[in-house]
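Coordinates in review
Residue strings, one per chain:
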Amino acid sequence: MSLSSALTIESLRAALSLTSILYLVGLWLGYYVLVVAYNVSPFHPLYRFPGPKLAASSYLYEAYYDWWRVGIYGKRIRLMHEKYGPIVRINPDELHCNDPYFTDEIYSSGNRIRDKWQHFLNAGTAGPVPVTEFSTISHELHRARRGALVKFFSRQQVFRLESEVHDFTQRTVQKMLRCAGKEPFNVKEAYACFTADIISQYAFGEPMGFIDQDGWEPNLTTWLKSVFESAYLLRYVTPVRMLAQFAPLFAKYMGENIRAVLKQLNEVIPRYIQAALDNPENGRVFADLMKSDMLPEEEKSMYRLSGEGFNFLAAGTETTAATLTAITYFLLAKPEIYARLMKALDGVDPLNHKWTELEQRPYLWAVIHEALRFTPGVSHRSARIARTENLIYKSKDGRTQWVIPKGTPISMTSVINHNNEELFPNPDEFIPERWIINGKPNYALEKFLLSFSRGTRACLGIHLAYCEIFVMTAAVAFRILPRAQLYQTTIEDIRYDHDVVTPNTIHGPIAARIRIV
Ligand code: HEM
C-alpha cells in the first residue's frame, strides 16, 4: 500500500471516529434547537398568530399526526380552530383558515399570484411528477403549462367527446350486469376501471383496457394506492425522498404495486404518448400539445409529457370513482332518496341520455353535489402562497382581523369547510335537498364546495369529471340499482376518517360492496 493511500484511509478513520460523529450530531442538534427557538420567538413573522406552540416550533408535530398516526392532522386542525379561531398557525411556516367566506382570497383567480408550496409537493417527488403542471410551484410557469392544456379539458371539448363517455358507461354497466347472481363486488373497483379507461381514451386516444379485462382488479387504483400511502413518508423523511429519485434502479426490490406504477410511468405512458404522436388524427391531448406554440420546446420532452399523462390518470381515477361510490352507497342505503331521484329522472332515456339534459334535473344535480360535499375526492389541505400581496382577513362578525404576510403558505381543508354547520346544517347527514332552492340548483351554495379546489389551480378535469358522474349515475340508477343490494357495507365504509391525500374511512379506502340479483 502506498503512503498516500495509507494516509487517506487513516484520515477517513479519523473522520468516522465515534468522537467526530458525536460532534457532528451535537452540531446538528444545536442548530435544530436554534431553529426551534427562532420558530417560537417574536422574530418569526407568524409569531402573533394563534395555535399550539408545539405545532409552531417544528414540523415534528405535523409529521406525528400525518405520517406516524397516518393522515389525522386534518382532524387535529379542526380542533385547533375550535380553540383558537378562524386562522391558526399549524406548523412553523403555514397558516390554516376555516372561514369558507375567505376561500376565493386564498384560492383566487385571474392575475393574482398564487404559488404552490414545496413542502406539499414533497409528497409526490418521484420521476417526472415534479415537472408537471400540478406540481409547478411558480404561478407564472404554472400559467404557461396550464394554458397549453386548458382547451383540451374545456366544457366544449368534453361535449365533443361525450359519446365516448356514454360508450364506456354502457360497457361498464353491461359488465356489472354480467355479475348478476355471482359473488358480490366492490363497486368502487368497477368505477375505477371506468374512470381510468376514460381518461386514457380522452388523453391518449386509447383506453387502458380495464373494462375489458376479466374482473375488476387489479386496476390503476390498486397500484396507485401504494403511491398515496407513501405520500407522507416522502414528505417528512428526506432520505427516502432522495432515494425515490432512483426508484427505477432498484424497482425489482420493491413491492408489486410500486413496480406496476413505475412500469406505467416509465414504459406504458410513454408508449401511449408515442402512439398518439404517430397517429395525430387520433392523438388527442398529446399530439396537439406537441404542436402547441404556447409551450417552449424544452417543455415538450417525452419525460415531462409522461409526467403530465401520469398525473391525469392519478388525479382523475380515484377521485371520480370515490364520488360515484358514495352516490351508489347512499342511493342503496336510502331508498327514499333513490325514489325521489327516479321521479326526477322521469322521461329520461335509460340508454341514451345527454349530460346537458341530466344537468337540468335539479334533484340529480343535488345528489351529485351532496356526494361531492360528503366525500370530496381530495381531503388533504392544499396551501397557496400570495407571493406579492398581504391578504387581509376580516371575519363576518368583524371581531377577528388578520393581515397575512405576503409569502405565507395558507391552506383550507375541504372536509372542514364541508362540515361548516352554518352553510351545511347537520353536516354528518346526506341531505341532497340542501342543494335545492325554489326547485332549482342552489348555485350560490356551490361556491362553498371545495372538492375541486378553486381559482387558478382548481381541478383541470372538472368538466370531464362532471360528465362522467352525471352520465354514470343516471345509467346506474336505471339499470343497476333496481337489481342491487348493499353487501356487508355500512356508512363506516364511506364516512371520512383520515386521509392519504384522498379520503379514507376507518376501514381504509372508500368502498361499497354490492350484490346484483
Ligand atoms: C370527482 C373528481 C375529481 C375531484 C374531486 C378532483 C379534485 C381536484 C383538486 C382538489 C385539485 C386541486 C389539487 C391541489 O390543490 O393541489 C385537482 C387538480 C387537478 N385535477 Fe382533479 N379532480 C377530479 C377529477 C379529475 C379528472 C377527471 C381529471 C382529468 C384529467 C383531473 C385532473 C386534474 C389536474 C390535471 C389537476 C391539476 C390542476 C392544476 O394544478 O392546474 N381531475 N383536482
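Look up a bit, the structure's there.
Conventions we followed
Residues numbered from 1 in each chain as written. Predicted model: local features only at pLDDT ≥ 70, side-chain atom pairs only at ≥ 80, totals over all residues. Near = placed C-beta within 6 Å. Helix = DSSP H or I, 4+ residues; strand = E, 2+ residues; numbered from the N terminus. Nonpolar A, V, L, I, M, F, W, Y, C, P; charged D, E, K, R; others polar. Buried ≥ 20, exposed ≤ 12 C-beta atoms within 10 Å, placed from the backbone. Arc of directions from axis to C-beta. Contact = placed C-beta atoms within 7 Å. Pairing = 2+ DSSP bridges. Core = buried A, V, L, I, M, F, W, Y, C linked by C-beta atoms within 7 Å. Axes fitted to C-alpha atoms, helices over the stretch in contact; angles between N-to-C directions. Parallel < 35°, antiparallel > 145°, perpendicular 65-115°, else oblique.

As for the site of the ligand
Contacts to the ligand come from 24 residues, most closely from Gly316, Gly377, Ser382, Cys459 and Gly461. At the level of elements, helix H17 (302–333) and helix H23 (462–479) are the ones that each hand at least two residues to the shell around the ligand. Counting residues per element, the shell around the ligand draws most heavily on H17, at seven residues. Within the shell around the ligand, the residues separate by chemical class into 11 nonpolar, 10 polar and three charged.

A closer look at helix H18 (residues 335–344)
Taken as a whole, H18 has its buried residues at Ile337, Leu341 and Ala344. One face of H18 carries all of its buried residues, which in axial projection span an arc of 60°. Along H18, exposed side chains directed more than 90 degrees from the buried face belong to Pro335, Glu336, Ala339 and Lys343. Along its buried surface, H18 packs onto H17, helix H20 (362–374) and H23.

Brief notes about the sheet that holds strand E13 (residues 508–509)
One open sheet accounts for three strands, arranged E11-E12-E13; its pairing is antiparallel. Strand pairing shows two members of the sheet lacking a second neighbour, strand E11 (498–500) and E13, which therefore form its edges. Strand direction decides the pairing type here: strand E12 (residues 502–505) and E13, joined by two bridges, are antiparallel. When the sheet's bridge partners are listed, Asn504 is paired in E13 with Pro509.

Observations regarding the nonpolar core
Ala326, Leu341, Leu364, Val367, Ile368 and Phe470 are the most contacted members of the largest nonpolar core, which totals 129 residues. Of all the elements, H17 adds the most residues to this core, at 14 residues. Here Leu364 is in contact with Leu341, Ala344, Leu345, Leu358, Phe470, Thr473 and Ala474, once residues within four sequence places are set aside.

Considering the environment of Asp104
Its place among the elements puts Asp104 in helix H6 (residues 103–106). C-beta crowding within 10 Å serves as the criterion here: with 13 such atoms nearby, Asp104 is assigned to the partly exposed category. Placed 343 residues apart in sequence, Asp104 and Lys447 show a C-alpha to C-alpha distance of 9.0 Å. Residues contacting Asp104, with those up to four places away along its chain left out, are Arg454 and Gly455.

Section: the packing of H18 against H20
Running from amino to carboxyl end, H18 crosses H20 at an angle of 140°, the nearest separation of the two axes being 8 Å. As far as their axial angle goes, H20 and H18 are oblique. Along its contact with H18, which presents Ile337, Arg340, Leu341 and Ala344, the element H20 presents Tyr363, Leu364 and Val367. Grouping the amino acids of the contact of H18 with H20 by side-chain chemistry returns six nonpolar, no polar and one charged.

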